[in-house]
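One-letter residues, chain by chain:
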Amino acid sequence: MTRRHEGRRVVVTGAGSGIGQGIVARMLAEGAHVVGADISEPGLKATVAAAGEHADRLHTVTVDVADPESVRTACGAAVDHLGGLDVLVNAAGIMRTAHTHDMPFESWNQVIGINLTGTFLMMQATLPALLRTEHPVIVNFSSTAAFGSHPYMAAYAASKGGVNAMTHAVALEYSKQGLRAVNIVPGGITSGITSNLETPENADWSLFARLTGWLDGGALGSPADVAGVVAMVASEDGRYITGSEIRVDGGALM
């Protein structure tokens, strides 16, 4: 495998499962030193176990990305451990579905807090370190739900639409300092979000747009499919990509 990230220092949130875990594995395989961050200690232990021969370049920290103090502590520890930072990958996220008129305010706040505010807090806490390195990159996570309408996902769609807009703003604001910021837009990917997805009672499935792509007979993609794109865009191969979205959806939104 190409070692495009040899010696680079990377922080990945959501590292305890699914897409985040897949990104950790890919970045390690490409030579990076990685700090995996997640709220789940068992998940992080599983990620370390899966790292195998690369585990010596993997360090983990627990973090609640929706909590400012937790983020400051975790990011400080991560940057100290790595001796700096080259790439931030914000893969942590959750989905809660409900009829919009029934959605509890607590659920709305949880989704916005983790997906949108959490992405903001992680960027805010790591930007000083990123701006001290050459060719820094932020990779954020949007969703096809921010582009193609899905019912019962008002909070999720709003959070991911917010990530799109926020990433554009950050990409422009720091462009003259060499920072790139990119949104990855997964479609139907096998992950904790999709495997544990529950729709509300009396959900009308005729309202859903296509959730899977046209490739592989409409099968779900894998975390590895997303991780390969993240590794590319965060490397010098992606040097001319910033402030934009890259869909990884098997053509679902064609």
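Refer to the preceding data block for the structure.
Residues numbered from 1 in each chain as written. Predicted model: local features only at pLDDT ≥ 70, side-chain atom pairs only at ≥ 80, totals over all residues. Heavy atoms only, no water.

> Sorry if this is basic, but what is going on with the overall build of the chain here?
The secondary structure content of the chain amounts to seven helices and seven strands. When the helices and strands of the chain are read in sequence order from the N terminus, they spell out β-α-β-α-β-α-β-α-β-α-β-α-α-β. In terms of overall dimensions, the chain is globule-like: its C-alpha atoms have a radius of gyration of 17 Å, near the 18 Å expected for 254 residues. When each of the 254 residues of the chain is scored for burial, the buried share is 52%. Sequence-distant contacts in the chain: of pairs separated by 6 or more residues, those separated by 24 or more amount to 75%. Here the chain contributes 16 positive and 24 negative side-chain charges, whose respective centroids are spaced 8 Å apart. (Helix = DSSP H or I, 4+ residues; strand = E, 2+ residues; numbered from the N terminus. Rg over C-alpha atoms; globule rule 2.2 N^0.38 Å. Buried < 20%, exposed > 50% of the residue type's maximum accessible area, 1.4 Å probe, protein only. Contact = heavy atoms within 4.5 Å. Lys, Arg positive; Asp, Glu negative; His and termini not counted. Charge placed at Lys NZ, Arg CZ, Asp CG, Glu CD.)

> Sorry if this is basic, but what is going on with the side chain of H54 here?
If you trace the backbone, H54 turns up in the loop between α2 (41-51) and β3 (58-62). Classification of H54 as buried rests on a relative accessible area of 18%. Polar side-chain contacts of H54 include one of 2.9 Å to the side chain of R57. When sequence neighbours within four positions are dropped, the list of residues in contact with H54 reads L28 and A29. (Polar contact = N/O pair within 3.5 Å; in protein donor to acceptor, adjacent residues only side chain to side chain.)

> I keep staring at the sheet that holds strand β1 (residues 9-13) and nothing clicks. Help me out?
Taken in spatial order, the seven strands of this open sheet run β3-β2-β1-β4-β5-β6-β7, and their pairing is parallel. In this open sheet, the two edge strands, each paired with only one partner strand, are β3 and β7 (245-248). Averaged over neighbouring strand pairs, the angle between their axes works out to 20° when direction is ignored. Direction of pairing for β1 relative to strand β2 (residues 33-38): parallel, over a ladder of five bridges. (Pairing = 2+ DSSP bridges. Axes fitted to C-alpha atoms, helices over the stretch in contact; angles between N-to-C directions.)

> Explanation requested: empty space enclosed by the protein in the structure shown.
Regions of empty space are outlined by a rolling probe, equal in size to a water molecule, passed over the atoms. Scanning the model with the defined rule gives two cavities of 30 Å³ or more in all. The volume enclosed by the largest cavity comes to roughly 50 Å³. Looking at the largest cavity, the residues that line it are V11, A37, V61, V63, A74, C75, A78, V79, M122 and T126. Contributions of two or more residues to the lining of the largest cavity are made by α3 (68-82) and α4 (105-130). The element that contributes the greatest number of residues to the lining of the largest cavity is α3, accounting for four residues. Here the residues of the lining of the largest cavity are counted per class, giving nine nonpolar, one polar and no charged. Approximately 30 Å³ is the volume found for the second largest cavity. Lining the second largest cavity are T13, V65, N90, A92, I114, G118, T119 and M122. Per element, the largest residue contribution to the lining of the second largest cavity is four residues, and it comes from α4. Tallied by class, the residues present in the lining of the second largest cavity amount to four nonpolar, four polar and no charged. (1 Å grid on protein atoms, 1.4 Å probe; cavity = no way out; pocket = protein on both sides within 12 Å on 5 of 7 lines; lining within 4 Å. Points joined across faces, edges and corners; volume = space filled by probe spheres on them. Nonpolar A, V, L, I, M, F, W, Y, C, P; charged D, E, K, R; others polar.)

> Whenever I open this one, the layout of surface pockets confuses me. Can you help?
What the second largest pocket holds in volume is close to 190 Å³. Together, 13 residues line the second largest pocket, and A219, G221, D225, D249 and G250 are the ones closest to its centre. Of the residues in the lining of the second largest pocket, the class split is six nonpolar, four polar and three charged.

> I would appreciate a short explanation of the nonpolar core in the present structure.
Inside soluble globular proteins, nonpolar side chains tend to come together where they are buried. In terms of nonpolar packing, the biggest core is built from 40 residues, with V11, L85, L88, M122, I138 and V170 touching the most fellow members. When contributions to this core are tallied by element, the ones reaching two or more residues are β2, α3, α4 and α5 (154-173). Residue contributions to this core peak at eight residues, all from α4. Residues in contact with V170, not counting those within four places in the same chain, are M123, I138, L179 and A181. Judged by nonpolar contacts, the second largest core, of 31 residues, contains V10, I19, A51 and I189. (Core = buried A, V, L, I, M, F, W, Y, C linked by side-chain atoms within 4.5 Å.)

> How should α4 be read in this particular structure?
Because each turn of an α-helix spans 3.6 residues, side chains separated by three or four positions in sequence point in the same direction. For α4, which comprises 26 residues, the first-to-last C-alpha distance of 35 Å matches the rise-based estimate of 38 Å (1.5 Å per residue) to within 8%. The largest bend in α4 comes to about 40°, at G113. (Expected span 1.5 Å × (residues − 1). Bend = angle between axes of the 7 residues up to and from the residue.)

> How do you make sense of the packing of α3 against α4 when you look at a structure like this?
If you want to describe how two helices pack, look at the angle between their axes and the distance between the axes. It is the contact of α3 with α4, at a shortest axis distance of 9 Å, that shows an interaxial angle of 35°. Note that α3 runs across α4; the crossing there is right-handed. In contact with P68, V71, C75 and V79 of α3, α4 contributes L121, M122, A125, T126 and A129. Here the residues of the contact of α3 with α4 are counted per class, giving eight nonpolar, one polar and no charged. (Left-handed = near helix turned anticlockwise from the far one by under 90°.)

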